[in-house]
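# Reading the structure
This is what each chain is made of:
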Amino acid sequence: MLKRPKGLQMAALCHRGEGENKEYLLVTSRDTGRWVIPKGWPIRGLNSNETALQEAWEEAGVKGRTTAKDPVGRYTYLKRQDNGVEIPVETLVYSVAVNDLSEDFPEAKERERRWVDADAAAEMVNEAELKSLFRSQ
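This section reports on the structure supplied with the text. Residue positions are given per chain, counting from 1 as you read along its sequence in written order. For this predicted model, a pLDDT threshold of at least 70 governs which residues receive local features, and a threshold of 80 or more governs which side-chain atom pairs are given and counted, while totals over whole chains, interfaces and linings are taken from all residues. Hydrogens and water are ignored here; the side-chain numbers use all heavy atoms of the structure.

### A short note on the overall build of the protein chain
Per the convention used, a helix needs a DSSP run of H or I reaching at least four residues, while a strand needs a run of E reaching at least two, with both numbered from the N terminus. Helix and strand counts for the protein chain stand at three helices and eight strands. Scanning the protein chain from its N terminus toward the C terminus, one meets helices and strands in the order β-β-β-β-α-β-β-β-β-α-α. Computed over its C-alpha atoms, the radius of gyration of the protein chain comes to 14 Å, within 12% of the 14 Å expected for a compact globule of 137 residues. Taking all 137 residues of the protein chain together, 42% fall into the buried category. It only takes one pair of heavy atoms within 4.5 Å for two residues to be counted as in contact. A sequence separation of at least 24 residues applies to 65% of the contacts in the protein chain between residues at least 6 apart. Note on areas: Shrake-Rupley with a 1.4 Å probe; residue coverage comes only from the protein chains shown. Of the roughly 8100 Å² of accessible surface on the protein chain, a fraction of 44% belongs to carbon and sulfur atoms. Where the 21 positive side-chain charges of the protein chain centre and where its 23 negative ones centre are 4 Å apart. Here the radius of gyration uses the C-alpha set of atoms, whereas the globule reference equals 2.2 Å times the residue count to the power 0.38. Type-normalised accessible area, obtained with a 1.4 Å probe on protein chains alone, sets the label of each residue: buried when under 20%, exposed when over 50%, and partly exposed for intermediate values. Charge convention: Lys and Arg are scored as positive, Asp and Glu as negative, and His as well as the terminal groups of each chain are ignored. Just so you know, the charge point we use is NZ for Lys, CZ for Arg, CG for Asp and CD for Glu.

So, in structure tokens, the structure goes:
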């Protein structure tokens, strides 16, 4: 059986505050409404961390900056295609310090946003490796 290589996406771990007051921004997915972090496929002309920042803008209205060029973590999930086939996707996660949030952003009418602490975020997301990433914060 032929094994398809993993897809690759970039994600934004959006945060604000410091120490015990640090919070993370989750958004709902458009298809299932489950809680996720902003993520997407590579964007031509942008580096991986720049792609993560662009996805944070489009999906959550984040005005921020990436805090590092290297990912702070990674996780894998199965993405269901329109034809029902699930493909494994490796997701590189970049830290994004949020300076401001816009109420008017490309996917504003398609998603909900919520600020939560790391423990709540770990409980709300489905992916085990993403849960672990929040628990390590």
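Here the narrative resumes, following the displayed structure.
### Here we look at the pattern of salt bridges
Throughout this description, the term salt bridge denotes a Lys or Arg side-chain nitrogen within 4 Å of a carboxyl oxygen of Asp or Glu. With the rule as written, the count across this model stands at ten salt bridges. One salt bridge in this structure joins Arg16 and Glu23, with 2.8 Å as the shortest N-O distance. Via salt bridges that share partners, Arg30, Glu59, Glu107, Glu110 and Arg111 belong to a single interconnected network.

Keep in mind these numbers describe shape, not what the thing actually does.
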